[in-house]
Amino acid sequence: MQVLENHSLKALHTLGCEARARLFAEARTLDELRAGLALGRERGLPVVLLGGGSNVLFRADLEALVLKVALDGLEPAGEEGGQALVRAAAGVGWDALVEDCLRRGLHGLENLSGIPGTAGAAPVQNIGAYGVELAERLHSLEALDRHSGELRRLTARECHFGYRDSIFKRALRDRLVICAVTLRLSRAPAPRLEYAALRDELQARGLARPTPAQVRDAVLAVRARKLPDPAVLGNAGSFFQNPIVAPAAFAALRAVAPDAPGYPEPDGRVKLAAGWLIERCGFKGARRGDAGVHSGQALVLVNHGQARGQELLALADEIRAGVAARYGVRLELEPRVY
Ligand code: FAD
Ligand code: NAP
């Protein structure tokens, strides 16, 4: 395994901010992963795991070993309860996995088409889009315990999934390296069309009863229209999470913003649309130097070229203060900041 010193992370994450890692290595096997973790210990450096870099922000140079998890391999893993199991190593690209499963006639991930990043990072924030979350399709995962060096298996239940949340952001934060995920997929299509944007796109295509492949195409088209392509304009997708608030807080918001969207959660709370709040505060398309708010979706912060992580964080702080002052709503960042 090649270990690089003082390595630029600019091309290794989708926000594309300049920052250097004291050491950088890419682990393609379990042995290399173990060797990387051992090297971090030897050199007294924390190990920062990286997948596709689509949900991270580097605020400055890192006095760390950045270890890219690049284990490869995708294979059928049997059946359970009439559903097919598919095992993907952590470094497999998420969207390649979705496409591959559809090609095998295995359904359930189509709404999650086009999400950048790796299969191994998907459980960390329980990726979700267009009304579907990974949690519904994850069977189990394998992970290397950074303390004991043991391989562990966690069921979906043990991942404590929540809205863009999991045990990997909380009790087991920085404790495990996810090495592989096993997904549970259906042979019978069951399209999930709750989201208006997706329904409208399918309607415009004249597809009343779309196949999973047609749902995938529609999701990809809607995303391509609305979201900036990180290869063209640096971004990390949604920069803020949609807050989930108590009914009283939603009522208070509606008192000052009667048209504010709110989506009921199963537990009685209400999910707010952070992008709507940010847009109403006048930030859509705003720019501070090379740090900006995307003109097509105010939830997405963009790097117009040479923005540093700190500048994006300063813009994020300005937005949070603006939304809190006007609507009394607290926004939390979605990407992990290093
Ligand atoms: P990274 O950014 O590399 O890492 C994210 C975090 O996970 C880091 O803390 C890292 O240390 C940790 N991590 C990475 N790999 C491992 C591993 N193997 N084991 C343990 N920890 C690990 N997200 C959604 O939920 N829904 C969307 O629709 C969506 N759309 C997006 C659109 C765009 C244009 C972009 C840029 C991002 C979008 N995202 C979305 C966010 C992002 O793509 C997901 O969070 C994705 O799962 C991140 O994967 P990654 O491999 O890039 O992770
Ligand atoms: P959108 O369709 O314009 O909707 C705006 C917001 O309203 C979304 O955040 C969504 O919440 C919520 N929403 C819309 N319809 C809903 C419904 N029927 N039930 C419950 N909530 C509803 O959103 P968008 O910005 O174009 O994104 C489309 C999808 O892709 C969303 O699911 C979004 O989460 C996902 N996405 C995520 C990222 C990321 O980085 N996390 C980036 C781009 C897109 P949810 O966000 O909870 O779905």
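The text that follows walks through the structure, step by step, so that each part is easy to find. (Residues numbered from 1 in each chain as written. Chains lettered and ligands numbered in written order. Predicted model: local features only at pLDDT ≥ 70, side-chain atom pairs only at ≥ 80, totals over all residues. Heavy atoms only, no water.)

**A closer look at the pairing of strand E7 (residues 83–89)**
Short version of the rule: Accessibility here uses a 1.4 Å probe with only protein chains present; expressed as a share of the type maximum, an area under 20% marks a residue as buried, one over 50% as exposed, and anything in between as partly exposed. Helix and strand labels come from DSSP, where a helix needs a run of H or I of at least four residues and a strand needs a run of E of at least two; each type is numbered from the N terminus. DSSP-based pairing: two strands are paired if at least 2 bridges between them are found.
Of all 7 residues making up E7, 6 are buried, and the element is well covered by its neighbours. Bridge count for strand E6 (residues 74–80) against E7 is 5 bridges, and the pairing is antiparallel. By the bridge assignment for E7, glutamate 75 is matched with arginine 87. Counting the residues between successive antiparallel strands, the hairpin from E6 to E7 contains 2 residues, one of them, glycine 81, with a positive phi of roughly 55 degrees. Relative to strand E12 (residues 176–185), E7 is paired through 6 bridges, and the arrangement is antiparallel. Among the inter-strand pairings, alanine 84 is bridged to a residue of E12, identified as leucine 185.

**Considering the sheet that holds strand E13 (residues 234–238)**
To keep it simple, the criterion reads: Residues count as neighbours in contact if any of their non-hydrogen atoms are within 4.5 Å of one another. Axis lines are fitted to C-alpha atoms, over the contacting stretch for helices. Their N-to-C directions set the angle, which ranges from 0 to 180 degrees.
Spatially, the 4 strands line up as an open sheet ordered E13-E19-E18-E17, and their pairing is antiparallel. On the outer flanks of this sheet lie E13 and strand E17 (287–288), each paired with one strand and no other. As defined by bridge partners, E17 adjoins strand E18 (residues 291–293) across 2 bridges and the pair is classed as antiparallel. Paired with arginine 288 across the strands is alanine 291, a residue of E18. Running at roughly 40 degrees to E18, helix H7 (residues 309–327) makes contact with E17, E18 and strand E19 (300–303) of the sheet.

**Some points on the site of ligand 2**
Put simply, the test is: Only a single heavy atom is needed: when it lies within 4 Å of a molecule or strand, its residue is near that molecule or strand. Any pair of nitrogen or oxygen atoms within 3.5 Å is treated as a polar contact; in protein, a donor-acceptor pairing is required on top of that, and neighbouring residues in sequence qualify only through side-chain atoms on both sides. Here, Shrake-Rupley sampling with a 1.4 Å probe gives the accessible areas, and only protein chains in the shown set may cover a residue. The classification used treats Ala, Val, Leu, Ile, Met, Phe, Trp, Tyr, Cys and Pro as nonpolar, Asp, Glu, Lys and Arg as charged, and all other residues, Gly among them, as polar.
Around ligand 2, the surrounding shell holds 17 residues, and the nearest of these are Tyr163, Tyr195, Lys226, Lys271 and Gln297. One of the side-chain N or O atoms of arginine 164 is found 2.7 Å from an oxygen atom in ligand 2. Taking glutamate 334, its side chain carries an N or O atom lying 2.9 Å from a nitrogen atom of ligand 2. Relative to its unbound accessible area of 800 Å², ligand 2 is 80% covered by the protein chains. If you list the elements that add at least two residues to the shell around ligand 2, you get strand E8 (128–129), helix H4 (212–226) and E13. For the shell around ligand 2, the class distribution of residues is 6 nonpolar, 5 polar and 6 charged.

**Thoughts on the packing of helix H2 (residues 94–103) against H4**
Applied cut-off: Each angle receives one of four descriptions, namely roughly parallel if under 35 degrees, roughly antiparallel if over 145, roughly perpendicular if within 65 to 115, and oblique otherwise. Helix crossings are classified by the rotation of the near helix relative to the far one: an anticlockwise turn of less than a right angle makes the crossing left-handed, while a clockwise turn makes it right-handed.
Contact geometry for H2 and H4: axes closest at 10 Å, N-to-C directions at 155 degrees. The pairing of H2 with H4 is recorded here as roughly antiparallel in orientation. Every pair of crossing elements has a handedness; the one defined by H2 and H4 is left-handed. In contact with Asp95, Val98, Glu99 and Leu102 of H2, H4 contributes Pro212, Ala213 and Arg216. The residue makeup of the contact of H2 with H4, split by class, is 4 nonpolar, no polar and 3 charged.

**Here we look at the side chain of lysine 271**
Basically, it comes down to this: Asp and Glu are treated as the negative residues and Lys and Arg as the positive ones, with His and the ends of the chain left uncounted. A side-chain nitrogen of Lys or Arg and a carboxyl oxygen of Asp or Glu constitute a salt bridge if their distance falls within 4 Å.
Summarising the element assignment, lysine 271 is placed in strand E16 (residues 270–272). For lysine 271, which is buried and forms no salt bridge, the nearest opposite charge comes from glutamate 265, at a distance of 4.8 Å. Residues within four places of lysine 271 in sequence aside, it is in contact with Tyr163, Tyr195, Asn242, Pro243, Ile244, Pro261, Gly262, Tyr263 and Glu265.

Honestly, it's all geometry; don't read function into it.
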